[in-house]
Amino acid sequence: MNNSSNPLEGKFVHQVYFWLVDPEEPANKAALLEGLEKLSAIPEIVYFHIGSPAATRRDVIDSSYSLSWLAVFSNAKDQDIYQEHPIHLDFVANCKHLWNKVVVYDSSAIGKS
């Protein structure tokens, strides 16, 4: 693989999976989606993606979550800024009642900080 064509080369990737308290309630999913969309205004985010479980079915795939949030940063320092940004703090304060479980996976390129 040619790393020069990899748009994530050297980036810091922040992946978050949310399990809603009441996943069958459309208003809860809509409220979380609205909150996640507001997060995208944080200037340190290079790229973001909001998703829901794909229709793939294999033993190794966990499709039990309700929504996922992926944010890409230039580096770990920018992700630290994001964590303390007022928009992010507001998101947590206003949306935490919507979920009963959150799992976060942060990664940086091998050999990069």
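Structure: see above.
About the thresholds
- Residues numbered from 1 in each chain as written.
- Predicted model: local features only at pLDDT ≥ 70, side-chain atom pairs only at ≥ 80, totals over all residues.
- Heavy atoms only, no water.
- Salt bridge = Lys/Arg side-chain N within 4 Å of Asp/Glu carboxyl O.
- Helix = DSSP H or I, 4+ residues; strand = E, 2+ residues; numbered from the N terminus.
- Buried < 20%, exposed > 50% of the residue type's maximum accessible area, 1.4 Å probe, protein only.
- Arc of directions from axis to C-beta.
- Contact = heavy atoms within 4.5 Å.
- Expected span 1.5 Å × (residues − 1).
- Phe/Tyr/Trp six-rings, centres within 6.5 Å; stacked < 30°, edge-to-face > 60°.
- Lys NZ or Arg CZ within 6 Å of the ring centre and 35° of its normal.
- Core = buried A, V, L, I, M, F, W, Y, C linked by side-chain atoms within 4.5 Å.
- Axes fitted to C-alpha atoms, helices over the stretch in contact; angles between N-to-C directions.
- Parallel < 35°, antiparallel > 145°, perpendicular 65-115°, else oblique.
- Nonpolar A, V, L, I, M, F, W, Y, C, P; charged D, E, K, R; others polar.

(A) Representation of the pattern of salt bridges within the structure. For the structure shown, the criterion picks out one salt bridge. In this structure, Glu 34 and Lys 38 form a salt bridge, with 3.6 Å as the shortest nitrogen-oxygen distance. Here the residue Glu 34 and the residue Lys 38 both occupy positions in helix 1 (residues 26-39), the gap between them amounting to four residues, near one helical turn. Looking at Glu 34, the relative accessible area reads 44%, which means it is partly exposed.

(B) Examining helix 3 (residues 86-95) more closely. Buried within helix 3 we find His 88, Phe 91 and Cys 95. Seen from one end, helix 3 has its buried residues packed into an arc of 60°, which puts them on one side. Where helix 3 is buried, its residues contact strand 1 (12-20), helix 1, helix 2 (76-84) and strand 4 (99-108).

(C) Quick peek at helix 1. Its 14 residues give helix 1 an end-to-end C-alpha distance of 20 Å, which sits within 8% of 20 Å, the value for a rise of 1.5 Å per residue. For helix 1, the set of buried residues is Asn 28, Leu 32, Gly 35, Leu 36 and Leu 39. When helix 1 is viewed along its axis, its buried side chains cluster within an angular range of 100° and face the same direction. Of the exposed residues in helix 1, those oriented more than 90 degrees away from the buried face are Pro 26 and Lys 38.

(D) Broad picture of the packing of aromatic side chains. Under the defined criterion, the tally for this structure stands at eight aromatic pairs. With a centroid separation of 5.0 Å and an interplanar angle of 75°, the aromatic rings of Tyr 17 and Tyr 65 are classed as edge-to-face. In this pair, Tyr 17 is assigned in strand 1 and Tyr 65 in the loop between strand 2 (45-51) and strand 3 (67-73), connecting sequence segments 48 residues apart. The partly exposed category is assigned to Tyr 17, whose relative accessible area is 21%. When the centroid spacing of 6.4 Å and the interplanar angle of 80° are considered together, the rings of Trp 19 and Tyr 65 count as edge-to-face. Of the two residues, Trp 19 is situated in strand 1 and Tyr 65 in the loop between strand 2 and strand 3; the sequence distance between them amounts to 46 residues. Three or more aromatic residues joined by ring pairs form one cluster here, namely Tyr 17, Trp 19, Tyr 65 and Tyr 105. Over the ring of Trp 19 we find Lys 101; its NZ or CZ atom is 4.3 Å from the centre of that ring.

(E) Focus on the nonpolar core. Phe 18, Leu 32, Leu 36, Trp 69 and Phe 91 are the most contacted members of the largest nonpolar core, which totals 18 residues. Mapped by element, the contributors of at least two residues to this core are strand 1, helix 1, strand 3 and helix 3. Residues in contact with Trp 69, not counting those within four places in the same chain, are His 14, Gln 15, Val 16, Phe 18, Leu 36, Leu 39, Ser 40, Ile 45, Phe 48, His 49, Ile 50 and Tyr 82.

(F) Layout of the packing of helix 1 against helix 3. At a closest axis distance of 9 Å, the pairing of helix 1 and helix 3 adopts a crossing angle of 170°. Taken together, the axis directions place helix 1 and helix 3 in an arrangement best described as roughly antiparallel. Taking contact as the criterion, the partners of Ala 31, Leu 32, Gly 35, Leu 36, Lys 38 and Leu 39 in helix 1 are, on helix 3, Ile 87, His 88, Phe 91 and Cys 95. In the contact of helix 1 with helix 3, the residues fall into seven nonpolar, two polar and one charged.

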